[in-house]
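Working through the structure, step by step
If you want the building blocks of each chain, they are given just below.
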Amino acid sequence: MNKKFFDRLLIIFLFLNPVLDAVTAYQLKYNVGSITIGTLIRGIFLYIIVFYMLKNNIKRKHLITFIIYIILATSFNYYYLKNPIVSEVSNLTIIFYLPILIYFFKNLDNELINDKLIFILYLVYVNFIIVPYIFGFGFHTYPEKYNKWGFMGVFYSGNEISAILIGLLPVVVNYLINHKNIFIKLIFGLEILVAIFMVGTRTLIMGLAITIMYFIFKFIKNNYKKLTRKTKYIGCGLAICIVITSIVVLPKLPIVKNAEIAFKYYNINKFSELFTFKTLDKIIFSERLTFLKGINKIYFARKIPVIIFGLGRTGLLAIKDVELDIFDIFYSIGFVGSIVYLIFMIDGFKKTKFKDYYILSLLLFMLMSLTSGHVLIRPMVSIYFAIIFILNKNSKKVDKSLKRK
């Protein structure tokens, strides 16, 4: 395959992702088809990548190990656990999507993938939330029975769209900060904030707060000594105005009203009750830790082969997944599969030094995976986790070329 053609095909695929997610949302909503278009296209894409990497001798030993493991794990799931072959191949592909893509993007030479491209792609996601609201179609973040408000446009999973928006936010914010056009900074910055508050999940708002605080701290650290006394006073005045505005505006936002509903639902009446294990489990983890305890007992009560090789994703979903990614991976593929997965991930991160805002992106993706899941084993999200590797690589290339000049 011609490299230039492959590079452009990859860009088309990246911009196709929001469309795949929108089509998938309507498939899930109306139960159309046994396999979603997103799963099908992304699965084909992964195996095209595997073929491309094998052909170009990129991590060939690791890929052969992956293929052998897929064959062995699928055989165990089919012959011992009686799980369907097609389902388990699909599930194993989903689980190992991230480490394979990390290998791919880390070793790929494609300078078209940069922060500007991610910014444009991010705006596609943002407008897929705002535009449907304006024209009166799309999906709400929360079911009506919870009396909470949130809107996620043409996307079906609040956790997954939240993970994309918050994981890529540091890249987008850094791009806007360095953009010379103040009009673009204000208009698109405001549009992004509107979309984030429209979706309104607590993890998304928490990630937004972390990102804003990080860039404020970074600015102060890098520029405080250079600022004049007058500028410092103006900065303090602006900070006071922002705090006052926040005190006035925040109570009126849906996210605050949603929090009040959650506190009433879980019978939290005192501030001190917020810091108990049970309350944190309910508010932060939506009782996932309680369920984790139950699934752990079920898992270790099974026969030794199942503990070693896992329940299979099909077996786990039959009980219900925990929605904390590292545990869902472990219970699905057991000790053997988890060791293979861990080796791949460690090798993927090895000898890679990230820029500060890319580190923040990766940390936010991990924070989402540890609190609400739907990151490491959701291809619609994990592709953006992996893409940080090539963004970092290309950004450093640009820095080096600028230094030479």
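Shown above is the structure to which this text applies.
These lines cover the structure that appears in this document, whether it is placed above or below.

Here is what the cut-offs are and how they apply
Residues numbered from 1 in each chain as written. Predicted model: local features only at pLDDT ≥ 70, side-chain atom pairs only at ≥ 80, totals over all residues. Heavy atoms only, no water. Helix = DSSP H or I, 4+ residues; strand = E, 2+ residues; numbered from the N terminus. Buried < 20%, exposed > 50% of the residue type's maximum accessible area, 1.4 Å probe, protein only. Areas by Shrake-Rupley, 256 points an atom, 1.4 Å probe, with all protein chains shown as cover. Polar contact = N/O pair within 3.5 Å; in protein donor to acceptor, adjacent residues only side chain to side chain. Contact = heavy atoms within 4.5 Å. Phe/Tyr/Trp six-rings, centres within 6.5 Å; stacked < 30°, edge-to-face > 60°. Lys NZ or Arg CZ within 6 Å of the ring centre and 35° of its normal. Salt bridge = Lys/Arg side-chain N within 4 Å of Asp/Glu carboxyl O. Core = buried A, V, L, I, M, F, W, Y, C linked by side-chain atoms within 4.5 Å. Axes fitted to C-alpha atoms, helices over the stretch in contact; angles between N-to-C directions. Parallel < 35°, antiparallel > 145°, perpendicular 65-115°, else oblique. Nonpolar A, V, L, I, M, F, W, Y, C, P; charged D, E, K, R; others polar. Expected span 1.5 Å × (residues − 1).

On to the overall build of the chain, then. On a plain count of helices and strands, the chain comes out with 19 helices and zero strands. Counting over 405 residues, the chain shows a buried share of 46%. When the accessible surface of the chain is summed, it comes to about 21,800 Å², and 69% of that surface belongs to carbon and sulfur atoms.

Below, the discussion takes up unusual backbone geometry. Phi angles above zero are rare outside glycine, and Asn 57 is one such case at about 55°. Tracing the sequence through the fold places Asn 57 in the loop between helix 2 (37-55) and helix 3 (60-79). Its identity as a non-glycine residue notwithstanding, His 374 has a phi of 65°, on the positive side. The residue His 374 is located in the loop between helix 18 (356-371) and helix 19 (379-404) in this model.

Considering the arrangement of structural elements, one finds Thr 24 in helix 1 (residues 3-29). Take Thr 24: its relative accessible area is 13%, and that puts it in the buried class. Of note is the side chain of Thr 24, whose polar atom sits 2.7 Å from the backbone oxygen of Leu 20. Excluding residues within four positions of it along the chain, Thr 24 makes contact with Thr 36, Ile 37 and Gly 38.

Moving on, we get to the packing of aromatic side chains. Following the criterion strictly, the structure yields 34 aromatic pairs and no others. Centre to centre, the rings of Phe 6 and Tyr 52 are 4.2 Å apart; their planes meet at 5°, and the pair counts as stacked. Separated by 46 residues along the polypeptide, Phe 6 in helix 1 and Tyr 52 in helix 2 bring together distant segments of the chain. The same class applies to Phe 6 and to Tyr 52, which are both buried. When the ring centre of Phe 291 is taken as reference, the NZ or CZ atom of Lys 320 above it lies at 5.5 Å.

A complete count under the given rule lists ten salt bridges for this structure. A salt bridge links Lys 393 to Asp 109, with the nearest nitrogen and oxygen atoms 3.3 Å apart. With Lys 393 in helix 19 and Asp 109 in the loop between helix 5 (97-106) and helix 6 (115-135), this residue pair connects regions lying 284 residues apart in the sequence. Close ionic contact of Asp 109 with Lys 397 constitutes a salt bridge, the shortest N to O distance being 3.2 Å. With Asp 109 in the loop between helix 5 and helix 6 and Lys 397 in helix 19, the pair connects residues that are 288 residues apart, well separated along the chain. With a relative accessible area of 41%, Asp 109 lands in the partly exposed category. For Lys 397, a relative accessible area of 33% gives the class partly exposed. When salt bridges that share partners are traced, they join Lys 59, Asp 347 and Lys 350 into one network.

Here the focus is the nonpolar core. Membership of the largest hydrophobic core comes to 98 residues, with the highest contact counts inside it found for Leu 101, Phe 104, Phe 105 and Ile 113. Counting residues per element, this core draws most heavily on helix 19, at eleven residues. Setting aside residues no more than four positions away along its own chain, Ile 113 makes contact with Leu 10, Ile 11, Leu 14, Phe 105, Leu 108, Ile 387, Ile 390, Leu 391 and Asn 394. Within the second largest apolar cluster, twelve residues are counted, among which are Val 306, Val 322, Leu 324 and Phe 330.

Another point: the packing of helix 8 (residues 169-178) against helix 18. Interaxial distance between helix 8 and helix 18 falls to 8 Å at its minimum, and their mutual angle equals 150°. By the angle class used here, helix 8 and helix 18 are roughly antiparallel. In contact with Pro 170, Val 171 and Asn 174 of helix 8, helix 18 contributes Tyr 357, Tyr 358, Leu 360, Ser 361 and Leu 364. The residue inventory of the contact of helix 8 with helix 18, partitioned by class, reads six nonpolar, two polar and no charged.

The next point concerns helix 10 (residues 202-223). Here helix 10 contains 22 residues, and its C-alpha end-to-end distance of 32 Å stays within 8% of the 32 Å for a straight helix at 1.5 Å per residue. When helix 10 is considered as a whole, its buried residues turn out to be Thr 203, Leu 204, Ile 205, Gly 207, Leu 208, Thr 211 and Phe 215.

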